[in-house]
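So the chains spell out like this:
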Amino acid sequence: MAAFLFASAPALLFSQVSTANLKQNFQNPPNNAKPMVRWWWFGTAVEKPEILRELQQMKADGIGGCELAFVYPQVLDDPAKGLINETFVSPEMLDNVHYAQAEARKLGLRVDVTLGSGWPYGGPATTLEEAAGHLRTAEVPLPANATSAPTPTLAEGESIISISLVHGEPQHWNATSAQTINPSQISNITPASEPRTALFFISSHSRQVVKRAAVGAEGWVLDPFSHQAVATHLKSVGDPLVKAFGDTPPYAIFSDSLEAYGADWTPTLPAEFLKRRGYDLLPHLPELVAGGTPEAEKVRHDWGRTLTELVNENYLIQINDWAIAHHTKFRSQTYGEPAVSYPANASPLSPKARAHSGAPSRPCAGPPPPTTSSATTSPPARPSPGSTPPSSAPPRWT
């Protein structure tokens, strides 16, 4: 197979600067901290002679090691020409991983590995139930004297969390007037002399799929707030990748940037919120969505802080503990969405602001100031009229 089908960070780097410049910059770095490169395996269409050639080139030019990263294919399969994209975590791909790490060790190179393909974490082992969650709000207008409201259509995997009645018409309702009702009461509502809106708060999903995944790695982005969703990924992807390293585990495992856009809910959030914040979130969902008052901002702060604690504990700390149990370290590019806490960005192994390394610290004790939020994830917004849920199936690469 041609080398360009096995494009990598070093290959791209070598094409842009001369070997002499690389040696000058890399062979005598301060504190003997030789640079690492991210080694992209496209497809993964790789072959052992090219793996060895690129590793030898890294060594020759003073690069200290590589981080294996598995991403999208650049060509369609064509067996007649020897073009084959090996399926992600297939025996053939894992055999190439084993070969790469073994040859790298012989050359004295450090090897890290990304526990996934594309970004963020997810893939075929992530079911819709364990996919990134999203709070969806459906507004149903109630005319004056209405005694019932139709239940909105639910997409696959959705469930109603709570229902509130508020004064005012859709998109113009008053959150302070909210009255939470039991779902069984929706067909027997006490009438009112003025129009109202029934707010259905729905546990939904962002339906985001893994970006730039290798062949066989396509699928839903996992729920980063869920201990079980992360555990499923570690078992289905992490275990086989680390096992491919044999008796010499990777120096570190890597999590790429947190880009779970729109992930603002998880099924355990109401119970976790009550346990951590001391009051029930559900009656305050209208305030969470509407915002605009001091009371609403407090709810939003507490909601954001709870999500931050959950991603710290169930994503960062769980993966770090898993890494330690597998005799390696954990690096995480912990920026983006959802927001982790600042203490979780502790980076004892890497000084780079965007590539944090080592064990994440647990959240600071004590509440943050009431006027700040520990999460940058945007609060759920008022729904747009006529909006429809997206498709229930992720697109697949073919």
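Here the structure is shown first, and the text comes after it.
Residues numbered from 1 in each chain as written. Predicted model: local features only at pLDDT ≥ 70, side-chain atom pairs only at ≥ 80, totals over all residues. Heavy atoms only, no water.

K.L.:
How do you make sense of the nonpolar core when you look at a structure like this?
P.N.:
The tendency in soluble globular proteins is for nonpolar side chains to be buried side by side. Residues Leu68 and Leu241 are the most contacted members of the largest nonpolar core, which totals 70 residues. Per-element tally for this core: the top contributor is helix α8 (residues 294–325), with 10 residues. In this view, Leu68 contacts Trp39, Trp41, Val97, Val111, Asp112, Val113, Thr114 and Phe245; residues no more than four positions away in its chain are not counted. Counting residues in each nonpolar core, the second largest holds 13 residues, with Ile163, Leu165, Ile186 and Ala198 among its members. (Core = buried A, V, L, I, M, F, W, Y, C linked by side-chain atoms within 4.5 Å. Buried < 20%, exposed > 50% of the residue type's maximum accessible area, 1.4 Å probe, protein only. Helix = DSSP H or I, 4+ residues; strand = E, 2+ residues; numbered from the N terminus. Contact = heavy atoms within 4.5 Å.)

K.L.:
Got a minute to help me understand the packing of helix α5 (residues 227–243) against α8 in this structure?
P.N.:
Angle between the axes and distance between the axes: these two values describe a pair of packed helices. Where α5 meets α8, the closest approach of the two axes is 10 Å, and the angle between their N-to-C directions is 35°. Crossing of α5 against α8: the hand is right-handed. Facing α5, whose interface residues are His227, Val230, Ala231, Leu234, Gly238, Asp239 and Val242, α8 presents Asn314, Tyr315, Gln318, Ile319 and Trp322. Of the residues belonging to the contact of α5 with α8, the class tally is 7 nonpolar, 4 polar and 1 charged. (Axes fitted to C-alpha atoms, helices over the stretch in contact; angles between N-to-C directions. Left-handed = near helix turned anticlockwise from the far one by under 90°. Nonpolar A, V, L, I, M, F, W, Y, C, P; charged D, E, K, R; others polar.)

K.L.:
Looking at this model, I keep getting lost on the sheet that holds strand β6 (residues 159–167). Mind explaining?
P.N.:
Judged by pairing direction, the sheet is antiparallel, and its 4 strands sit side by side in the order β5-β8-β6-β7 without closing on themselves. The outermost strands of the open sheet, each flanked by one partner alone, are β5 (133–142) and β7 (174–181). Within the sheet, the average angular offset between the axes of one strand and its neighbour, ignoring direction, is 30°. (Pairing = 2+ DSSP bridges.)

K.L.:
Help me understand the environment of Glu54, please; the structure alone is not making it clear to me.
P.N.:
Among the structural elements, Glu54 can be located in helix α3 (residues 48–60). For the pair Glu54 and Trp39, spaced 15 residues apart in sequence, the C-alpha to C-alpha distance is 9.5 Å.

K.L.:
Teacher, can you tell me more about the pattern of salt bridges here?
P.N.:
A side chain with one charge may pair with a side chain of the opposite charge, provided their charged atoms come close. Tallied over the full model, the rule gives 17 salt bridges. Of the charged contacts, one joins Lys106 and Glu103 as a salt bridge, the two residues approaching to 3.1 Å between their closest N and O atoms. On the criterion of helical spacing, the pair formed by Lys106 and Glu103 is a turn pair, its members being 3 residues apart in helix α4 (residues 91–106). On the basis of relative accessible area, Lys106 is assigned to the exposed category, the value being 65%. Judged by relative accessible area, Glu103 falls into the buried class, the value being 14%. (Salt bridge = Lys/Arg side-chain N within 4 Å of Asp/Glu carboxyl O.)

K.L.:
For this particular structure, what's the right way to read the side chain of Glu50?
P.N.:
Structurally, Glu50 can be placed in helix α3. A distance of 3.0 Å separates polar atoms of two side chains, one belonging to Glu50 and the other to Arg53. (Polar contact = N/O pair within 3.5 Å; in protein donor to acceptor, adjacent residues only side chain to side chain.)

K.L.:
What is the right way to look at α5 in this model?
P.N.:
The α-helix winds at 3.6 residues per turn, so residues separated by three or four positions along the chain end up facing the same way. Along α5, the sharpest kink reaches roughly 35°, centred on Leu234. Among the residues making up α5, those that are buried are Ala229, Val230, Thr232, His233, Leu234, Val237, Gly238, Leu241 and Val242. On the buried face of α5, the contacting elements are β2 (65–71), α4, β3 (110–117), β4 (122–123), β10 (252–255) and α8. The opening residue of α5, the one whose side-chain oxygen lies 3.4 Å from the backbone nitrogen of Gln228, is Ser226. (Bend = angle between axes of the 7 residues up to and from the residue.)

K.L.:
Got a minute to help me understand the packing of aromatic side chains in this structure?
P.N.:
What characterises a pair of aromatic rings is the spacing of the ring centres plus the angle enclosed by the ring planes. Counting across every chain of the model gives 9 aromatic pairs. Both rings, one in Trp40 and one in Tyr72, keep their centres 6.4 Å apart while their planes meet at 80°; by these two values the pair is edge-to-face. Linking Trp40 in strand β1 (residues 36–42) with Tyr72 in the loop between β2 and α4, this pair joins segments that are 32 residues apart in sequence. Classification of Trp40 by relative accessible area gives partly exposed; the value is 23%. By relative accessible area, Tyr72 is classed as partly exposed at 28%. A centroid spacing of 5.9 Å and a plane angle of 55° characterise the contact between Phe70 and Phe88, whose relative ring orientation is tilted. Highlighted residues: Phe70 in strand β2 and Phe88 in the loop between β2 and α4, separated in sequence by 18 residues. Taking NZ or CZ as reference, Lys48 lies 5.7 Å from the ring centre of Tyr99, over its face. (Phe/Tyr/Trp six-rings, centres within 6.5 Å; stacked < 30°, edge-to-face > 60°. Lys NZ or Arg CZ within 6 Å of the ring centre and 35° of its normal.)

Function cannot be inferred from these measures alone, as they are strictly geometric.
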